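Tertiary structure, described
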Amino acid sequence: MYLGLDIGTTAVKATVFSARGELCGLGAAAYTLLTPAPDIVELDAEIYWRSAWTAIGQALAAAGLTGSDIRALAVTGQ
């Protein structure tokens, strides 16, 4: 099983795929960006971390797997 993690502008998305490329599980955790001033956008790194754990947990649960079932991880970000 393979795990994909996309760290996007408003959410972290996680997917689990089989070796045949079949989608086995999905997860997502949304967040709101902070805009303290015009042209400034911020987000505490801890929010990315917690959102990633949430999305991964959802995807693994949907696939009926645990972390030890994952053979590889691919991560993408904006």
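For the structure, see preceding data.
What comes next concerns the included structure. This one's a predicted model, so the numbers in the text were calculated from it and none came from an experiment. (Residues numbered from 1 in each chain as written. Predicted model: local features only at pLDDT ≥ 70, side-chain atom pairs only at ≥ 80, totals over all residues. Heavy atoms only, no water.)

With respect to the overall build of the protein chain
Secondary structure assignment for the protein chain yields one helix and six strands. N-terminal to C-terminal, the α/β element order of the protein chain is β-β-β-β-β-α-β. Projecting the C-alpha coordinates of the protein chain onto the three principal axes gives extents of approximately 45 × 20 × 15 Å. Looking at the protein chain residue by residue over its 78 residues, the buried ones come to 29%. Across the protein chain, contacts joining residues at least 24 apart in sequence account for 49% of those joining residues at least 6 apart. Surface exposure of the protein chain reaches about 5,000 Å², of which carbon and sulfur atoms provide 58%. Averaging the locations of the 4 positively and 7 negatively charged side chains of the protein chain gives two centres separated by 13 Å. (Helix = DSSP H or I, 4+ residues; strand = E, 2+ residues; numbered from the N terminus. Buried < 20%, exposed > 50% of the residue type's maximum accessible area, 1.4 Å probe, protein only. Contact = heavy atoms within 4.5 Å. Areas by Shrake-Rupley, 256 points an atom, 1.4 Å probe, with all protein chains shown as cover. Lys, Arg positive; Asp, Glu negative; His and termini not counted. Charge placed at Lys NZ, Arg CZ, Asp CG, Glu CD.)

Comments concerning the packing of aromatic side chains
Following the criterion strictly, the structure yields two aromatic pairs and no others. Taking the centre distance of 5.4 Å and the plane angle of 80° together, the rings of Tyr31 and Tyr48 count as edge-to-face. Taken together, the positions of Tyr31 in the loop between strand 3 (23-30) and strand 4 (34-37) and Tyr48 in helix 1 (residues 45-63) put the pair 17 residues apart, joining distant regions of the chain. Of the residues examined, Tyr48 reaches a relative accessible area of 25% and is grouped as partly exposed. (Phe/Tyr/Trp six-rings, centres within 6.5 Å; stacked < 30°, edge-to-face > 60°.)

Considering the pattern of salt bridges
Taken as a whole, this structure holds one salt bridge when the rule is applied. For Lys13, the salt bridge is made with Asp6, and the minimal N-O distance between the two is 3.0 Å. Classification of Asp6 as partly exposed rests on a relative accessible area of 26%. (Salt bridge = Lys/Arg side-chain N within 4 Å of Asp/Glu carboxyl O.)

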